[in-house]
Amino acid sequence: DAEMLGTPDPELAATMGFSGFGKKARTFDLEAMFEQTRRTAVERSRKVLEAREREKEDLAEKEFRIPCTESSASASSVTGAGPTLTEREAVYSESEDNSNEALSGPSMQSQSSAKGPAEDTDDDDDDDDDDDDEEFIGPPLPPGFKDSDDDNDNDDAEEEDNNPVKKIPDSHEITLQHGTKTVSALGLDPSGARLITGGYDYDVKFWDFAGMDASLQAFRSLQPCECHQIKSLQYSSTGDVILVVSGNSQAKVLDRDGFPVMECIKGDQYIVDMTNTKGHTAMLNSGCWHPKIKEEFLTCSNDGTVRTWDVNNEKKHKSVFKPRSVQGKRVIPTTCTYSRDGKLIAAGCQDGSIQIWDRNMSVHTKFHCRQAHASGTDTSCLTFSYDGTVLASRGGDDTLKIWDIRQFKKPLNSADGLPSFFPMTDCCFSPDDKILVTGTSVKKGGGSGKLFFFYRETFQKLYEIEVTDASVVRCLWHPKLNQIMVGTGNGLAKVYYDPIKSQRGAKLCVVKTKRKERQAETLTQDYIITPHALPMFREPRQRSTRKQLEKDRLDPMKSHKPEPPVAGAGRGGRVGTHGVTLSSYIVKNIALDKTDDSNPREAILRHAKEAEENPYWVAPAYAK
């Protein structure tokens, strides 16, 4: 009942970041307020100059009053305004509020100035009165006035600027269970309403923060690329389509609900010059959307090319970029990205180089760093800062580096000792561009994977979050939601948020109660009781079906769901249904046991008597 009357669970209020429930409504005498406002306005226009002079006098008086006792100080804080208050006090007494709560007019300044020195001692006494300091009545405050609350807010803001750790939203977390295998891809749409996760189990799952309740179930799960691991998922800049990059050679584009929009064409693997094939011929490694042109996206592949595509033309790529090693040989790009303005295309390659082209000129690189990372390791992520001046790279050589591409010879900063076992380990910038985030990998049973936060300017390690006892693969800090999404090696997608600093997202679904599932009534078992059975052998008749259902759910035999038939090729150790070719039919039938276990002599002689009596084949032929 108390909750119904507006005093909710304090935990809920803290989680949501609001706590203004418990206050009672205050009552106002409207006529008195209007009268008071009118008078103050007239008085104020008449006596602005006098108020200023009075303020100077008050300041002088205040210097004398400092040594006074607490009581005299608190008294002076009310009566310091002199004669102008008496006229108004008549009005105040009509209204039910204390003069401290309903402050108005120029006398405000003199009050605050008189209260200044005695503020520390005074506060405790006045706490009961001015709970609601913000709710002023009357004309706006004079220009010089500043409330003590504002000062505190500004101090907090300054403190946050000085201490960037305070900006990391990690006070709360939720865990979305994607599956049991590595979550290798994460994508959030630009508005932050939907999250998509993809993994090594070939599944892509869709999560809708606004539609989910506290049970945190995905609303859709599909396998867009059959039996290929998902490498990368990203919403386009408008959020209406999703790029899916998997372990095959053809990238796919799905719409918001997971229905296919286009599939890139597969190239001809027998042509040597990759420029002349229409698409990729080997496994894809990564892909991303153009930040400004909503129809264009980029993919890179083990065939040694980076290609741009147009959603409306799936028959051929737009352009091809071919990274080359020092000797001019083909080298495989493991990650690719656009710059923030979309004018540059960057690729990290297996020879340790980072190569950057102008989007419109595909022949020669515009910027080039040969030994960015150790040769033979997979650079797993490249990302540009929001201001576009700096490029961060996450290497397979356990390092995180940050580059100014105009001076590309050596990194601005670098951090090592960050193990990475995955070809898609992420790094990303915070929304204010001051912090760089990356995850680390761990072997099974080798501790817990962590999320590390580095200060961009100095690369000093600011903070770390222990995520789970498996590797941290993907991380994504959404600028609108101010929430951090993390994909882990054991099939979890975690969302870190702060009820005050974060918007929407996970905050929407944690407050919704779980919907009660109605279980099917058909599973109840009917008992057949023999009429003369002894009571000790008689099974008790079930009183309620619900309890029996709950027991059945705990029994692994009863609640085992039979495997659905395998469609298409076999997977998971199960052979698919046989095809339509003759050979597959024969192979399937060879295994059938057609042996006749009876006496073989009898089997042969079974027809002898019949053949003797009415010959059909041999005897008639020789009769003539």
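Nothing here was measured: the structure is a model prediction, and the numbers come from that model.

1. A look at the sheet that holds strand β5 (residues 220-222)
Item 1. As summarised here, the arrangement of the 4 strands in space is β2-β3-β4-β5, forming an open sheet in which the pairing is antiparallel. What marks the edges here is a single partner per strand, and that holds for β2 (183-188) and β5. Direction aside, the axes of adjacent strands within the sheet are offset by 15° on average.
Item 2. The pairing of strand β4 (residues 204-208) with β5 spans 3 bridges and is classified as antiparallel. Note on β5: the bridge partner recorded for K205 is S221.

2. Section: the packing of aromatic side chains
Item 1. On inspection of all chains with the given rule, the structure shows 10 aromatic pairs.
Item 2. Seen from their ring centres, F321 and W357 are 5.5 Å apart, and the 50° between their planes marks the pair as tilted. One end of the pair, F321, is in strand β13 (residues 319-321); the other, W357, is in strand β16 (residues 354-358), with 36 residues separating them in the sequence. As far as the burial class goes, F321 and W357 line up, both buried.
Item 3. Their ring planes at 20° and their centres at 5.6 Å tell us that F454 and F459 sit as a pair that is stacked.
Item 4. Judged by its relative accessible area of 8%, F459 falls in the buried class.
Item 5. Here the aromatic cluster, defined as three or more aromatic residues joined through ring pairs, consists of F452, F454 and F459.
Item 6. Just above the ring of Y386 sits the side chain of R340; from NZ or CZ to the centre is 4.2 Å.

3. Thoughts on the confidence of the model for the chain
Item 1. Within the chain, residue pLDDT values average 77, and 71% of them lie at 70 or more.
Item 2. Segment residues 1-8 is flagged for pLDDT under 50; beyond a separation of four residues in sequence, or across chains, it makes 6 contacts in the model.
Item 3. Here residues 67-135 is modelled with pLDDT under 50, and outside its nearest four sequence neighbours on either side it reaches 95 contacts, counting other chains as well.

4. Looking at unusual backbone geometry
Item 1. Here Y202, not a glycine, exhibits a phi torsion of approximately 70°, which is positive.
Item 2. Secondary-structure assignment places Y202 in the loop between β3 (194-199) and β4.
Item 3. Look at N482: it is not a glycine, yet its phi comes out positive at around 55°.
Item 4. Looking at the secondary structure, you find N482 in the loop between β26 (472-478) and β27 (483-488).
Item 5. Owing to a relative accessible area of 13%, N482 belongs among the buried residues under this scheme.

5. Some remarks on the UniProt feature "repeat: WD" (unreviewed entry) in the chain
Item 1. As annotated by UniProt and renumbered to match this structure, "repeat: WD" (unreviewed entry) occupies residues 176-208, 277-319, 338-358 and 372-406.
Item 2. As a span, residues 338-358 carries 0% helix and 57% strand, and end to end its C-alpha atoms are 10 Å apart.
Item 3. Secondary structure over residues 372-406 splits into 0% helix and 40% strand, and the C-alpha atoms at its two ends are 14 Å apart.

6. Some words on helix α2 (residues 30-46)
Residues that lie three or four places apart on an α-helix share one face, since the helix turns once every 3.6 residues.
Item 1. Between its terminal C-alpha atoms α2 stretches 24 Å, which fits the 24 Å expected from 17 residues at 1.5 Å a residue.
Item 2. Among all positions in α2, only A32, M33, Q36, T40 and E43 are buried. The arc that holds every buried residue of α2, seen down its axis, measures 100°, which confines them to one face. Summarising the geometry of α2, the exposed residues directed more than 90 degrees from the buried face are L30, E31, F34, S45 and R46.

7. Overview of the nonpolar core
Item 1. Counting 17 residues, the largest nonpolar core has I174, L176, L195, F209, M212, M485 and V495 as its most contacted members.
Item 2. If you list the elements that add at least two residues to this core, you get β1 (172-177), β2, β28 (492-497) and α9 (506-510).
Item 3. In contact with L195, other than residues within four places in its own chain, are L176, L186, G187, L188, K205, F206, W207, F209 and M485.

8. Examining the pattern of salt bridges
Item 1. This structure, assessed with the given rule, holds 22 salt bridges.
Item 2. Of the charged contacts in the structure, one is a salt bridge between D404 and R406, with a shortest N-O distance of 3.1 Å.
Item 3. Of the residues examined, R406 reaches a relative accessible area of 60% and is grouped as exposed.

9. So, the layout of surface pockets
Item 1. Looking at the largest pocket, its volume works out to about 1,200 Å³.
Item 2. Along the wall of the largest pocket there are 45 residues; nearest its centre are Q234, C288, R340, T383 and L476.
Item 3. Listed by contribution, the elements that provide at least two residues to the lining of the largest pocket are β2, β6 (230-235), β10 (284-289), β14 (333-338), β18 (381-384), β22 (427-429) and β26.

10. Observations concerning the sheet that holds strand β19 (residues 390-394)
Item 1. Taken together, the 4 strands give an open sheet; going across it, the order is β18-β19-β20-β21, and neighbouring strands pair in antiparallel fashion. What marks the edges here is a single partner per strand, and that holds for β18 and β21 (413-415). Sheet twist, expressed as the average angle between the axes of neighbouring strands with direction ignored, equals 15°.
Item 2. Pairing between β18 and β19: 4 bridges, direction antiparallel.

Reading the values: the criteria
- Residues numbered from 1 in each chain as written.
- Predicted model: local features only at pLDDT ≥ 70, side-chain atom pairs only at ≥ 80, totals over all residues.
- Heavy atoms only, no water.
- Pairing = 2+ DSSP bridges.
- Helix = DSSP H or I, 4+ residues; strand = E, 2+ residues; numbered from the N terminus.
- Axes fitted to C-alpha atoms, helices over the stretch in contact; angles between N-to-C directions.
- Phe/Tyr/Trp six-rings, centres within 6.5 Å; stacked < 30°, edge-to-face > 60°.
- Buried < 20%, exposed > 50% of the residue type's maximum accessible area, 1.4 Å probe, protein only.
- Lys NZ or Arg CZ within 6 Å of the ring centre and 35° of its normal.
- pLDDT = per-residue confidence, 0-100.
- Contact = heavy atoms within 4.5 Å.
- UniProt positions renumbered as here; feature names shortened; annotations may be inferred.
- Expected span 1.5 Å × (residues − 1).
- Arc of directions from axis to C-beta.
- Core = buried A, V, L, I, M, F, W, Y, C linked by side-chain atoms within 4.5 Å.
- Salt bridge = Lys/Arg side-chain N within 4 Å of Asp/Glu carboxyl O.
- 1 Å grid on protein atoms, 1.4 Å probe; cavity = no way out; pocket = protein on both sides within 12 Å on 5 of 7 lines; lining within 4 Å.
- Points joined across faces, edges and corners; volume = space filled by probe spheres on them.

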